[in-house]
Amino acid sequence: MSKSISIVIPTYNERENITPLVERIDRALAPRDYEVVFVDDNSKDGTAELINSFSGKYPVRAIVRKDERGLATAVIRGIEDSQGDTIVVMDADLQHPPEVIPALLDKTEAGTDIAIASRYVKGGGIKEWGLVRKIISRGAIVLAHLLLPATRKVTDPMSGFFSFRRKALDTRKLSPRGYKILLEILIAGKFENVAEVPFTFESRRGGESKLNAKQQIEYLKHLFSLMRRTGELIRFLKFCLVGLSGVGVNLGVFWLLTRFGGMAEEDFLALVIAIEVSIITNFILNEFFTFRDRRSSGASFIVRLLKFNVICAAGAAIQAGIYGLLFHVAGVYDLVSDLIGIVIATLWNYVLNSWLTWK
Ligand SMILES: Nc1nc2c(ncn2[C@@H]2O[C@H](COP(=O)(O)OP(=O)(O)OP(=O)(O)O)[C@@H](O)[C@H]2O)c(=O)[nH]1
Ligand SMILES: [Mg+2]
């Protein structure tokens, strides 16, 4: 019989949490028609056996993967092997309280394509994290927001607790890695509307965390791969190309003004004019080339031009500051100091303009 709700839960050595989890899910969801599909990576502590021992009493089952490991791929396996029209994804360690599931389902039933349990909307929170973990978590979100504009409408794209309509997602489009399955799903799926539900990320109840430094590196690689797949990497390269054209414009205008414009004695003024002209040509090229698909989303043309101008002027100041620090204070070779300044100013210009100018 097909089920209307499938709850997909990846597990790896979560035996201690299974009994309260299964009971609390049932209490939260009954009398709805649901199934729980656990995807266990051959845990040695008897997680799968315990799950299957409940299958007479509750609609639960365990898929055991013997040759593969990884949270993201486990979740996809569970989505593919389940039947519900609505999928809920959550962790097994009770950090995601099952009592929040009905609120997620209410959203999906009301027509939302994907509902995310968020720690960062009003009313949400985190029980027991130290400062370092909080900073890493926030930093990871800021990075995703900056580099992947499609995630900006979600306050917690790193959440592992969400529900969505199966038809909005073609799992063949996913290329999962690491831990951040929601990020992957958000980018690959067709979600017209997104809702968030606040929840408090509880302390882990039993068992051990599988999150480690390797996962943080995986995350950065995942971000890069998503940037490539969404065209954001190409966008960045276009931006750099435009920046390079600006160097040509800058040199050309400076040359014209000082050689033929009667400004040989006023080279500083000529420089300022050359910089301003190159900022304007860069703006026009970015407007109609790099960010042409995002022109309508921000303010008017003139406001965008002003924002671009201010951000790039600050970028130039940053470049000069870095050069001064490295060359004059730290004694780094001058061309290397300049190059480092250029790289950082380019990143500054890109990130801020993508964030504020072409939203
Ligand atoms: N199938 C499978 N599940 C995994 C794997 N790694 C983690 N999980 C499960 O994914 C869920 C989240 O893992 P956690 O280690 O709790 O990660 P976390 O919640 O980000 O970290 P903590 O807050 O430290 O617990 C849990 O249900 C784990 O059992 C894996 O390689 N395979
Ligand atoms: Mg956990």
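Remember, predicted model here, so these are calculated numbers, not experimental data. (Residues numbered from 1 in each chain as written. Chains lettered and ligands numbered in written order. Predicted model: local features only at pLDDT ≥ 70, side-chain atom pairs only at ≥ 80, totals over all residues. Heavy atoms only, no water.)

Peer 1: How would you summarise the site of ligand 1 if you had to cite specific residues and measurements?
Peer 2: What surrounds ligand 1 is a group of 21 residues, the closest being Glu-14, Asp-41, Asp-93, Ser-209 and Lys-210. Note that an oxygen atom of ligand 1 is positioned 3.0 Å from one of the backbone N or O atoms of Gly-70. Here an oxygen atom of ligand 1 and a side-chain polar atom of Ser-209 are 2.6 Å apart. Expressed as a share of its isolated accessible area of 630 Å², the protein-covered part of ligand 1 is 94%. Put simply, the parts of the chain that give the shell around ligand 1 at least two residues each are strand 1 (5-11) and helix 3 (71-81). Taken together, the residues of the shell around ligand 1 break down into nine nonpolar, four polar and eight charged. (Near = heavy atom within 4 Å. Polar contact = N/O pair within 3.5 Å; in protein donor to acceptor, adjacent residues only side chain to side chain. Areas by Shrake-Rupley, 256 points an atom, 1.4 Å probe, with all protein chains shown as cover. Helix = DSSP H or I, 4+ residues; strand = E, 2+ residues; numbered from the N terminus. Nonpolar A, V, L, I, M, F, W, Y, C, P; charged D, E, K, R; others polar.)

Peer 1: Mind laying out the coordination of the magnesium ion (ligand 2), listing which residues take part and the relevant values?
Peer 2: For the magnesium ion (ligand 2), the full set of protein donor atoms is Asp-93 (OD) and Gln-95 (OE1), and the range of their distances to it is 1.8 to 1.9 Å. Of the two residues examined, Asp-93 and Gln-95, each falls in the buried class. (Donors = N, O, S within 2.8 Å, 3.2 Å for Na, K, Ca; no water. Buried < 20%, exposed > 50% of the residue type's maximum accessible area, 1.4 Å probe, protein only.)

Peer 1: Residue-level account of the side chain of Arg-119, with values.
Peer 2: For Arg-119, the position within the fold is in the loop between strand 5 (114-118) and strand 6 (125-126). Among the polar contacts made by the side chain of Arg-119, one reaches the side chain of Asp-156 at a distance of 2.9 Å. The residues touching Arg-119, leaving out its near neighbours within four places in the chain, are Gly-124, Gly-125, Ile-126, Trp-129, Ser-137, Asp-156, Met-158, Ser-159, Phe-199 and Phe-201. (Contact = heavy atoms within 4.5 Å.)

Peer 1: An account of helix 1 (residues 15-29) is needed here, citing residue identities and associated values.
Peer 2: The end-to-end C-alpha distance of helix 1 is 22 Å, a good match for the 21 Å that 15 residues give at a rise of 1.5 Å each. Asn-17, Ile-18, Pro-20, Leu-21, Val-22, Ile-25, Ala-28 and Leu-29 are the residues of helix 1 that are buried. Those residues of helix 1 that are buried lie in contact with strand 1, strand 2 (34-40), helix 2 (47-53), strand 3 (60-64) and helix 4 (101-109). (Expected span 1.5 Å × (residues − 1).)

Peer 1: Any chance you could break down the sheet that holds strand 1 for me, citing the residues and the numbers?
Peer 2: Within the open sheet, the seven strands sit side by side as 3-2-1-4-7-5-8. Their pairing is mixed. Every interior strand has two partners, whereas the edge strands, strand 3 and strand 8 (194-198), have only one. Across this sheet, the average inter-strand angle for adjacent strands is 20°, counted without regard to direction. Examined bridge by bridge, strand 4 (residues 86-89) and strand 7 (residues 162-165) share four bridges and lie antiparallel to one another. Its bridge partner being in strand 7, Ile-87 is matched across the sheet by Phe-164. Against the sheet, helix 6 (residues 181-188) makes contact with strand 5 and strand 7, and its axis sits at roughly 155° relative to strand 5, the strand it touches most. (Pairing = 2+ DSSP bridges. Axes fitted to C-alpha atoms, helices over the stretch in contact; angles between N-to-C directions.)

Peer 1: How would you summarise the nonpolar core if you had to cite specific residues and measurements?
Peer 2: Counting residues in hydrophobic clusters, the biggest one holds 47 residues, and the most contacted among them are Ile-7, Ile-9, Ile-25, Phe-38, Ile-101 and Phe-161. Broken down by element, the residue count for this core peaks at five residues, all from helix 1. When sequence neighbours within four positions are dropped, the list of residues in contact with Ile-101 reads Ile-7, Ile-25, Leu-29, Val-88, Met-90 and Phe-161. Listed in part, the 21 residues of the second largest apolar core include Ala-168, Leu-174, Leu-186 and Ala-188. (Core = buried A, V, L, I, M, F, W, Y, C linked by side-chain atoms within 4.5 Å.)

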